[in-house]
Amino acid sequence: NNPVGVTVQLDALERQQKEVVEVPNKFVAPSASVSSEAQLAEGSSIWYNAIVSGSVSVGAGSSVFEHAVIEGSAKKPTIIGANVLVNSRSKVAAGATIGDRAVIGAGSSVESDVVIESDAIVGQGSHVVSGS
């Protein structure tokens, strides 16, 4: 049951998942899935059933809440700035950049190659398309 229409091949993700390098003062919920390529800064948190897959950088003090999905790849890394909130059931596609202190509303989706400026708020249920 995928709330934002993301097709995630859990078998492949589980095979890809490895232990994340320990970072002081970070939280990764036991049911969250974080790939070995992901970089989590100090004070970041990945909450229950969230998925952080591929080349993703999560900045200091940022939170990825329940059931959110953040994707990245070697060709299209995803950057989440410092003190960002990615709310529940949101999706951030590979190659997106979310600026410092931005808020991604619950159930929103941010497409590939989108840049969300610092201090921006993406409203609940929004769909931010590439080229916007």
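In this report, the structure presented in the accompanying data block is examined. (Residues numbered from 1 in each chain as written. Predicted model: local features only at pLDDT ≥ 70, side-chain atom pairs only at ≥ 80, totals over all residues. Heavy atoms only, no water.)

## Points about the sheet that holds strand β16 (residues 121-122)
Next, step 1: Sheet architecture is open: six strands sit in the order β1-β4-β7-β10-β13-β16, paired in parallel fashion. If you trace the sheet from one side to the other, it starts and ends with β1 (27-28) and β16, each paired once.
Next, step 2: As paired strands, strand β7 (residues 63-64) and strand β10 (residues 85-86) are joined by two bridges and run parallel to one another. Considered in β10, the bridge of V64 is made with V86. (Pairing = 2+ DSSP bridges. Helix = DSSP H or I, 4+ residues; strand = E, 2+ residues; numbered from the N terminus.)

## Notes on unusual backbone geometry
Next, step 1: Even without a glycine there, the phi angle at R89 is positive, about 60 degrees.
Next, step 2: By secondary structure assignment, the location of R89 is in the loop between β10 and β11 (91-92).
Next, step 3: Of note in the backbone geometry, D113 takes a positive phi value of approximately 70 degrees without being a glycine.
Next, step 4: The topology assignment puts D113 in the loop between β14 (109-110) and β15 (115-116).
Next, step 5: Given the relative accessible area of 45%, D113 is considered partly exposed. (Buried < 20%, exposed > 50% of the residue type's maximum accessible area, 1.4 Å probe, protein only.)

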